[in-house]
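Here is what each chain is made of, one letter per residue.
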Number of protein chains: 2
Amino acid sequence: MKMSEGVEWALHCCLSLSWVDAGEAVTATKLAAFYDLPAAYLNKQLQALVRAGIVSSAPGPRGGFQLARGLEEITLMDVVSAIEGPRSAFRCTDIRHRGPGGAFIAASETSAGGSRIPCAIAQAMRAAELGWRKHLAAQTIADIKTVIEDRSPNSGDDIRHWLTARSS
Amino acid sequence: MKMSEGVEWALHCCLSLSWVDAGEAVTATKLAAFYDLPAAYLNKQLQALVRAGIVSSAPGPRGGFQLARGLEEITLMDVVSAIEGPRSAFRCTDIRHRGPGGAFIAASETSAGGSRIPCAIAQAMRAAELGWRKHLAAQTIADIKTVIEDRSPNSGDDIRHWLTARSS
DNA sequence: GCAATAATACTCGGATAGAGTCTGTCCGAGTGTCTGGGG
DNA sequence: CCCCAGACACTCGGACAGACTCTATCCGAGTATTATTGC
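What you are looking at is a predicted structure, and each value in this text was computed from that prediction instead of being measured.

A. The pairing of strand β1 (residues 55–58) of chain A, seen in detail. Residues and elements named next belong to chain A. By the bridge criterion, 4 bridges tie β1 to strand β2 (residues 64–67) in an arrangement that is antiparallel. In the sheet register, Ser 56 faces β2, and the bridge partner there is Gln 66. Hairpin connection of β1 to β2: 5 residues between the antiparallel strands, including Gly 60 at a positive phi of 80°.

B. Summary view of the pattern of salt bridges. Residues and elements named next belong to chain B. Counted according to the given criterion, the structure contains 8 salt bridges over all chains. Here Arg 160 ties to Asp 157 by a salt bridge, and the two come within 3.1 Å at their closest N and O atoms. Of the two residues, Arg 160 and Asp 157 both sit in helix α8 (residues 155–164), 3 residues apart, roughly one turn of that helix.

C. Structural view of unusual backbone geometry. A positive phi is found at A:Asp36, a non-glycine position, where the angle reads about 60°. Position of A:Asp36 among the secondary structure elements: in the loop between α2 (28–35) and α3 (39–51). For B:Asp94, which is not glycine, the phi torsion reads 55° and is therefore positive. Relative to the assigned elements, B:Asp94 resides in the loop between α4 (76–84) and α5 (101–109). Residue classification places B:Asp94 among the partly exposed residues on the basis of a relative accessible area of 25%.

D. Focus on the relation of the copies chain A and chain B. When chain A is fitted onto chain B, the two copies agree to an RMSD of 0.0 Å after a turn of 180° and an axial shift of 0.0 Å. The symmetry that links the two subunits is that of a two-fold axis. Across chain A, the rotation axis passes nearest the C-alpha of A:Trp132, at a separation of 2.3 Å. Most of the interface of chain A is mirrored in chain B, where 100% of its interface residues again form contacts.

E. Examining the packing of helix α6 (residues 120–138) of chain A against helix α7 (residues 141–151) of chain B more closely. For the pair α6(A) and α7(B), interaxial distance at closest approach is 9 Å and the crossing angle is 140°. Taken together, the axes of α6(A) and α7(B) lie oblique to each other. Viewed along their axes, α6(A) and α7(B) form a crossing whose handedness is right-handed. Across the interface between the two elements, A:Ala120, A:Ile121, A:Gln123 and A:Ala124 from α6(A) touch B:Ile144, B:Val147, B:Ile148 and B:Arg151 from α7(B).

F. Spotlight on the protein's contact with DNA strand C. In the vicinity of DNA strand C lie 23 residues, with A:Asn43, A:Gln47, A:Ser57, A:Phe65 and B:Ser4 positioned nearest. Sugar and phosphate atoms represent 62% of those atoms of DNA strand C found within 4 Å of the protein. Side-chain polar atom of A:Asn43 to a base nitrogen of DNA strand C: 3.0 Å apart, as the coordinates give it. Within the backbone of B:Glu5, one N or O atom sits 3.2 Å away from a phosphate oxygen of DNA strand C. Ranked by residues supplied to the surface near DNA strand C, first place goes to α3(A) with 4 residues. Looking at side-chain class alone, the surface near DNA strand C contains 11 nonpolar, 8 polar and 4 charged residues.

Rules behind the numbers
- Residues numbered from 1 in each chain as written.
- Chains lettered and ligands numbered in written order.
- Predicted model: local features only at pLDDT ≥ 70, side-chain atom pairs only at ≥ 80, totals over all residues.
- Heavy atoms only, no water.
- Pairing = 2+ DSSP bridges.
- Helix = DSSP H or I, 4+ residues; strand = E, 2+ residues; numbered from the N terminus.
- Salt bridge = Lys/Arg side-chain N within 4 Å of Asp/Glu carboxyl O.
- Buried < 20%, exposed > 50% of the residue type's maximum accessible area, 1.4 Å probe, protein only.
- Least-squares fit on C-alpha atoms with pLDDT ≥ 70 in both.
- Contact = heavy atoms within 4.5 Å.
- Axes fitted to C-alpha atoms, helices over the stretch in contact; angles between N-to-C directions.
- Parallel < 35°, antiparallel > 145°, perpendicular 65-115°, else oblique.
- Left-handed = near helix turned anticlockwise from the far one by under 90°.
- Near = heavy atom within 4 Å.
- Polar contact = N/O pair within 3.5 Å; in protein donor to acceptor, adjacent residues only side chain to side chain.
- Nonpolar A, V, L, I, M, F, W, Y, C, P; charged D, E, K, R; others polar.

Written as structure tokens, this is what we have:
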């Protein structure tokens, strides 16, 4: 169970984009060079953020990516969901209903309407994962930005200058 | 990010093993037949549980697997960790230190001793994942067994009879 | 000098290969059981 | 009848392929810029 590296990339990119002036777009090539990442693949991850409505994109010269909404409106959950997809990590395949074992619970645990009572194991796993998602949804990128600006107040200016410089 | 199916299998197997009498071993073949799973692959997952000390194994005739400790001592976290390994889902590759961007934070965020201050993003992700792990560690398989026995009090007997029958 | 136009360079976006991990399968080492023979 | 030895059948355990997802790359569609040409 490994989370895609694209999540880390996307989070850092959102953070970096927050320092450039509104209306200014940064290209995927520039962001990739800044972090020494493969440009085309980073572009792919940024596309996922576009589809999720987190950043907006513009083609052509002077084009690129910029945040589509305020940092306070972007939670870690939003970014993770955009990159990893909406499906949960634990996926119940209902093995309790397969094979001879299924016969034992079919009578006693199947509700009247025919809809099956969810597996207790799946419920427990889902509850734990929900806790994880709640933690992610409770933190916005603005919170992280605050931490970083506390640590090094001038890094934001440096990053903005580097990303908005015309010649690389 | 998809969790291995082996986790679901292992959880169900632990639950099933809890109903057979102590000292009685159940073979991987039997458990696989019960849930209609590939026997050899299920055996592989059970081996992981053995390495983690959750179940014990015995070779030869009358051999098989049985729980190595009480259900109250087996948390969901134990099983997940046994199957999935100890590594966390989110893995910080420190892209903030790679490329030109690394130069900006090297001076301001590196502590005196040379040890780097952990990335704020990695910290946030790790905190969320820790919340997930805490949820998993807080629930034991005994808890799940209680839920199931509440729903269908006689299923335990059925499962024990099926698993301990000599001829399939 | 100014406006319209065509060529241009640059960007994102999706379609296309390669690597790593998860899933599934096979065979060998080891152990308890059963059968046959001897005392 | 009881004990012992040998063969046997059964189990786990690790080594070996196949499938799927993640990673990485390439090329085409579209757009703002820029140079050129005519007025």
